[in-house]
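Topology and contacts: notes
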There are 2 protein chains.
Amino acid sequence: MNASPRRKELTRLAAQLFVQEGFDRTTVRMLAQEMGIKSGSLFHHFKDKQEILAAVIEEGTQNALAIARKALAECAAEPEMRLRAMARAHLETLFTDRNAHVVALFEWRRLDPAASAHLSHLRDAYEALWVAVIDDALAAGLIHGDRFLVSRFVLGALNWTVRWYDPNGPRSPDDLADELVAMIMPTPA
Amino acid sequence: MNASPRRKELTRLAAQLFVQEGFDRTTVRMLAQEMGIKSGSLFHHFKDKQEILAAVIEEGTQNALAIARKALAECAAEPEMRLRAMARAHLETLFTDRNAHVVALFEWRRLDPAASAHLSHLRDAYEALWVAVIDDALAAGLIHGDRFLVSRFVLGALNWTVRWYDPNGPRSPDDLADELVAMIMPTPA
DNA sequence: TGAGTAACCAAGCAAGCGCTAGTGTGAGTG
DNA sequence: CACTCACACTAGCGCTTGCTTGGTTACTCA
């Protein structure tokens, strides 16, 4: 709904706390303190604690969509390049908007049905991009397997990186993406 | 600690509720009702709400270890068979003890430090089995890539199945495991 | 200058939380 | 028979929760 700069900043802070503590354990008083205001004032910006969660997830998912579309628009047409670009874009958004995405991945169930329905459309749009890229790669004989299973496995492997990957380590997210693509391609580069 | 049959049954029920509602949203009163007792009586079996969580996770992880060891002991010595056996074992335990594993995967952070330290050893033992199998497969030229990355990616893809896989669907967990192994092997069967 | 508004605060309510204290009760044991 | 002990109950304490209410401040713009 609203998208004031103040609200955006509060949403960013909320995402951080939700990751640290989990949605349920994060109290409105903790949120308010982190934002430098009192707990009552929170409800001037958000009608609900739920609405804060929805704002965090929406923000992250919108960014993911934007980055993926941009990456696909800019990259070459070969299926291999598109697959690599998509994997790179996924990890890029996963680690630049890390907090928002961790919340989206692990606190989705806390959304009330209305918010969940609305955000599901966004997520479906994102996954549709993936399925299209996987289909092209399959058609080109680049990879093999069931289109449905392959995309689930690949997304699972990528999403799970938030549980172990250290962005300060020696490997860049792009390296990671390339390694995964190489792993599922019959012919090593 | 204790392992009375009554306590085991209560642990099973708790796992189910923790999956349905999440650990934080599951109140001791809900747990008690599901178990057919009053909330106060719960604390005769467990000293803490925390201890219930630890019991659930321990149960699941012990089973995973036992099943994986058995599978490895019974299967042939070829790296490919061992890899397939390990993947199958992983999905088998993931879906026969589904509730416990979902809790272990997504509520681990709610453990207090003491319980977490204790259970980490169990999990490390399990992951060590995986790394050994992956190492053999790499050495045999069966798959390619970094040993660390490959095991993380594979475990991620497998663990993520709890988010989308429907055990009542047409595909069996064994099919799933075989498809994943095939996906990362250069030579399609 | 003064009306309108976005942002905030102080105070607190009703409900729900984990957990404790004290008390049966019925089955098993000497 | 007396005794224990696992198991369950009732009652409620002390605290935290999300959220509301009524009012204040600071800024914008006609």
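1. Quick notes on the overall build of chain A
Scanning chain A for helices and strands turns up nine helices and zero strands. Counted from the first residue to the last, chain A has its helices and strands arranged as α-α-α-α-α-α-α-α-α. For the C-alpha atoms alone, the extent of chain A along its principal axes is close to 60 × 35 × 25 Å. Taking all 189 residues of chain A together, 49% fall into the buried category. Expressed as a percentage of contacts within chain A between residues at least 6 apart in sequence, the contacts between residues at least 24 apart total 67%. Roughly 9000 Å² of accessible area belongs to chain A as shown, and the carbon and sulfur atoms make up 53% of that amount.

2. Quick notes on the protein's contact with DNA strand C
Around DNA strand C sit 16 residues, and of these K38 and H45 of chain A together with T27, V28 and K49 of chain B come closest. Here H44 of chain A contributes a side-chain N or O atom positioned 3.1 Å from a phosphate oxygen of DNA strand C. The contact in question runs from a phosphate oxygen of DNA strand C to an N or O atom on the side chain of H45 of chain A, over 2.6 Å. Breaking the surface near DNA strand C down by element, the ones donating at least two residues are α3 (42-45) of chain A together with α2 (28-35) of chain B. Split by residue class, the surface near DNA strand C holds three nonpolar, seven polar and six charged.

3. What to know about the side chain of T161 of chain A
Position of T161 of chain A relative to the elements: it lies in the loop between α8 (147-160) and α9 (173-184). Among the polar contacts made by the side chain of T161 of chain A, one reaches the main-chain carbonyl oxygen of L158 of chain A at a distance of 2.5 Å. Residues in contact with T161 of chain A, not counting those within four places in the same chain, are L91, L94, F95 and L176 of chain A together with F153 of chain B.

4. A look at the protein's contact with DNA strand D
The immediate surroundings of DNA strand D are formed by 16 residues, with T27, V28 and K49 of chain A together with K38 and H45 of chain B found nearest. Backbone atoms, meaning sugar and phosphate, form 58% of the atoms of DNA strand D found within 4 Å of the protein. Within the contact set of DNA strand D, a base oxygen lies 3.0 Å away from a side-chain nitrogen or oxygen of R29 of chain A. D48 of chain A places a side-chain nitrogen or oxygen 3.0 Å from a phosphate oxygen of DNA strand D. When residues of the surface near DNA strand D are traced back to their parent elements, those giving at least two are α2 (28-35) of chain A together with α3 (42-45) of chain B. Residue classes in the surface near DNA strand D are distributed as three nonpolar, seven polar and six charged.

5. Quick word on the interface of chain B and chain A
On the side of chain A, 37 residues touch chain B, which itself brings 38 residues to the contact. For the pairing of chain B and chain A, the buried interface totals around 3300 Å² over both sides, and the portion due to carbon and sulfur atoms is 64%. For chain B, the biggest contributors to the area lost against chain A are F153, W160 and M183 of chain B; these three give 24% of the whole. The salt bridge partner of D24 of chain B is R25 of chain A, with a shortest N-O separation of 2.7 Å. Of all the secondary-structure elements, those providing two or more residues to the side of chain B that touches chain A are α1 (5-21), α6 (98-106), α8 (147-160) and α9 (173-184) of chain B.

6. Digging into the packing of aromatic side chains
Here the structure, examined in full by the defined rule, presents 14 aromatic pairs over all chains. Geometrically, the ring pair formed by F148 of chain A and W164 of chain B is edge-to-face, given 5.8 Å between the ring centres and 85° between the ring planes. Separated into two different chains, F148 of chain A in helix α8 and W164 of chain B in the loop between α8 and α9 make up a pair that spans both. The class for W164 of chain B is buried, based on a relative accessible area of 15%. Linked through ring pairs, F95, W164 and Y165 of chain A together with F148 and F153 of chain B together constitute an aromatic cluster. Against the face of W160 of chain A rests R163 of chain A, its NZ or CZ located 4.8 Å from the ring centre. The aromatic ring of F23 of chain B is capped on one face by K49 of chain B, whose charged end is 4.4 Å from the ring centroid.

7. Focus on the nonpolar core
One finds W130 of chain A together with W130 of chain B to be the most contacted residues of the largest nonpolar core, which totals 135 residues. Apart from residues lying up to four places away in sequence, W130 of chain A is in contact with L83, M86, A87, H90, V154, L155 and L158 of chain A.

8. Considering the relation of the copies chain B and chain A
Aligned on chain A, chain B shows an RMSD of 0.1 Å; the corresponding rotation is 180° and the shift along the axis is 0.0 Å. In short, the pair behaves as if placed about a two-fold rotation axis. Closest approach to the rotation axis among the C-alpha atoms of chain B is made by P186 of chain B, whose C-alpha sits 1.9 Å away. With an isologous cut-off of 70% or more, the 97% of interface residues of chain B that recur at the interface of chain A puts this contact in the isologous class.

9. Some details on the side chain of R84 of chain A
Residues and elements named next belong to chain A. On the secondary structure map, R84 appears in helix α5 (residues 79-96). Only 2.6 Å separates the side chain of R84 from the side chain of E80, close enough to count as a polar contact. Excluding its chain neighbours within four sequence positions, the residues that come into contact with R84 are D178 and V181.

Rules used in this analysis
Residues numbered from 1 in each chain as written. Chains lettered and ligands numbered in written order. Predicted model: local features only at pLDDT ≥ 70, side-chain atom pairs only at ≥ 80, totals over all residues. Heavy atoms only, no water. Helix = DSSP H or I, 4+ residues; strand = E, 2+ residues; numbered from the N terminus. Buried < 20%, exposed > 50% of the residue type's maximum accessible area, 1.4 Å probe, protein only. Contact = heavy atoms within 4.5 Å. Areas by Shrake-Rupley, 256 points an atom, 1.4 Å probe, with all protein chains shown as cover. Near = heavy atom within 4 Å. Polar contact = N/O pair within 3.5 Å; in protein donor to acceptor, adjacent residues only side chain to side chain. Nonpolar A, V, L, I, M, F, W, Y, C, P; charged D, E, K, R; others polar. Buried area = accessible area lost by both parts, 1.4 Å probe. Salt bridge = Lys/Arg side-chain N within 4 Å of Asp/Glu carboxyl O. Phe/Tyr/Trp six-rings, centres within 6.5 Å; stacked < 30°, edge-to-face > 60°. Lys NZ or Arg CZ within 6 Å of the ring centre and 35° of its normal. Core = buried A, V, L, I, M, F, W, Y, C linked by side-chain atoms within 4.5 Å. Least-squares fit on C-alpha atoms with pLDDT ≥ 70 in both.

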